[in-house]
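Spelled out from the first residue to the last, the chains are:
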Amino acid sequence: MQLFINGKIYQEEGFVSAMMVGNGKVIWLGNQPEAAADEVIDLQGKTVLPSFWDIHTHPLWLSETLNGVACTPPNVTSIKAMIAALKEASPNQSGWIEGWGYDESKLAEGRTPTRHDLDQVSLTQPVYVMRSDCHSCVVNSAALQLAGITQETPEPIGGKIGRFSDGTPNGVMIENGASQLIKKVKNQETFEAAVARTLQLGSHYRQRGIGVISDMISLRQPFDYGEIYSEACRQGLPQTVYLYYSWDEVKNGNLPQATHPQVHVAGIKLFMDGTISNQTAHMKEPFKNSETTGFTINTQEDLLNAYDFAKANHCQIAIHAMGDASLQLILDTLGKKEPWLAIPSVRIEHATLLSDELLAAFANAKMNFAFVTQIIFLYAEYASYSQNLDTKRLRETYRLKSMKKSGIPTALSSDAPATAWLAPDDVLTSLTAAVTRKGAKGEDLNQEERLSLREALGLYTTAAAAIVPTTATGKLTVGQSADFIVLSEDIFEETAEKWPALTVEALYLQGKQV
């Protein structure tokens, strides 16, 4: 048994100073331990929190960025700087030069890079840069040639190929349907290499204090994600993993099964639209200073087919929906349907734009919905949101206080690496944004939607645990897994603006320091 003493151990009702752990579980919490222990760990007055749950992220995409060029602020703020940074990068094992995280609204030139820009990096080696939303990308001429994309290439389903005025491809691949044309030729690696890349995530998530992750676009090709994660866990990946398989990958077959106890197949994932920052979210009214209302990716028929599949397989549906038109379509299609799970049967991922009327309709629906949203988007990308949304709709984005008040289960997450921020899954930065409702440059993110620190912590722990299929609670309580972090400073004493500078000194999972 382990006895942790002299700490400030967070409980929802207060703090205790000591904790006893046996067989990986909490067996006692309090201030005056009476039982002896095999090992005593002095916490030296440090603050202890439950480990964080990031229940909407893309770990395998994130693992690709660990060795790629960060084309995000504060490192890169112009196309010129992007070109310079990419020129300094070494090609990966497949010969590609890769970057990630650009957002045209944050580039000094005020436009999206094209193949002509990336041709300055290399005319012979393929160059690929993923946009901040992870839905789109830009590539050079060599990459287009490898993918066989020409002026005659038809528009893919669920995406668009960017083109110059003469109809020739400009290297910009808009939304997943188009970017997949590039990824199919880019991602040529062995199963062993994919596992090795996944193992790097253990250290990354330790630094973030994250003990549970959900991969929100799990694939079956070229290798099944369930097998990749299972093998990585066998080789030492300490995090628990929940998988949501892409609807396109499973709709004509069966839901795969994982082969390791840390890996759980939780559900399926659909896309209803794109993003606010790229004007591809499906909106009821046009974007600000624009005539476009975005577009829908999946249809009402797709939603109904996914509903039947999820009921038959007793799993969740997770639906990407940012625009209010997409949210309305989900509500109209599934709102009156019978739930089939005790936990939320339908997760709405992002739920970005919620009017009072939409929020009330979701709360009153027969279906048991949940919202899994990302304040880091508004924090990091306020410039593009304010550029694309009028004042009224801007105030209706990421309404954390209103979501909680509605009674709809709500959790925070990162969607990493899908945002224009150098550390998109830094939980402490998201907590700062949720509590201060200020952007990275001090912008007002609607003060009426501020949360307390305790409320925000709950959205990354207990509330997150309540949305995935698990018996864990996300709390440090007797009988629960001893999953916790030790912080360098007391988050309850420091001002919110200083939280991102705090360090996760240790992560314990099942009582073991990882």
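Here, every reference points to the structure presented above.
Residues numbered from 1 in each chain as written. Predicted model: local features only at pLDDT ≥ 70, side-chain atom pairs only at ≥ 80, totals over all residues. Heavy atoms only, no water.

Just checking my understanding: could you explain the overall build of the chain for this structure?
A tally of helices and strands in the chain yields 19 helices and 24 strands. Computed over the C-alpha atoms, the radius of gyration of the chain is 23 Å, within 12% of the 24 Å expected from 2.2 N^0.38 for a compact globule of 514 residues. Overall, the C-alpha framework of the chain stretches about 80 × 50 × 50 Å when taken along its three principal axes. By the burial criterion, 60% of the 514 residues in the chain qualify as buried. Within the chain, residue pairs in contact and separated by at least 24 positions form 72% of the contacts whose partners lie at least 6 positions apart. Carbon and sulfur atoms make up 48% of the accessible area of the chain, which amounts to about 19,900 Å² in all. The average position of the 43 basic charges and that of the 58 acidic charges among the side chains of the chain differ by 3 Å. (Helix = DSSP H or I, 4+ residues; strand = E, 2+ residues; numbered from the N terminus. Rg over C-alpha atoms; globule rule 2.2 N^0.38 Å. Buried < 20%, exposed > 50% of the residue type's maximum accessible area, 1.4 Å probe, protein only. Contact = heavy atoms within 4.5 Å. Areas by Shrake-Rupley, 256 points an atom, 1.4 Å probe, with all protein chains shown as cover. Lys, Arg positive; Asp, Glu negative; His and termini not counted. Charge placed at Lys NZ, Arg CZ, Asp CG, Glu CD.)

Hey, could you run me through the side chain of Ser384 in this one?
In this fold, Ser384 is placed in helix H14 (residues 382-388). Polar side-chain contacts of Ser384 include one of 2.9 Å to the backbone oxygen of Glu381. Those residues in contact with Ser384 that sit more than four places away from it in its chain are Asp103, Ser105 and Ser277. (Polar contact = N/O pair within 3.5 Å; in protein donor to acceptor, adjacent residues only side chain to side chain.)

Which parts of the structure should I look at to understand the packing of aromatic side chains?
Each aromatic ring pair is characterised by the separation of its centres together with the angle its planes make. In total, this model carries 16 aromatic pairs according to the counting rule given. Summarising the aromatic geometry, the rings of Phe191 and Phe223 are spaced 5.7 Å apart at their centres and angled 75° between planes, so their arrangement reads as edge-to-face. Of this pair, Phe191 sits in helix H6 (residues 191-199) while Phe223 sits in the loop between strand E15 (210-218) and helix H8 (225-234); the two residues are 32 residues apart in sequence, bridging distant segments of the chain. According to the relative accessible area criterion, Phe223 is partly exposed, its value standing at 23%. Relative to Trp340, the ring of Tyr307 lies with its centre 5.4 Å away and its plane at 80°, an arrangement referred to as edge-to-face. On the criterion of sequence distance, the pair formed by Tyr307 in helix H10 (residues 300-313) and Trp340 in the loop between helix H11 (324-334) and strand E19 (346-350) is long-range, its members being 33 residues apart. The same class applies to Tyr307 and to Trp340, which are both buried. What links up through ring pairs into an aromatic cluster is the set Phe4, Phe484 and Tyr508. Note that Lys8 overlies the ring of Phe15, its terminal NZ or CZ placed 4.8 Å from the centroid. One Lys or Arg, Arg347, reaches over the ring of Tyr244 and ends 4.6 Å from the middle of that ring. (Phe/Tyr/Trp six-rings, centres within 6.5 Å; stacked < 30°, edge-to-face > 60°. Lys NZ or Arg CZ within 6 Å of the ring centre and 35° of its normal.)

All we've got here are geometric facts, nothing functional implied.
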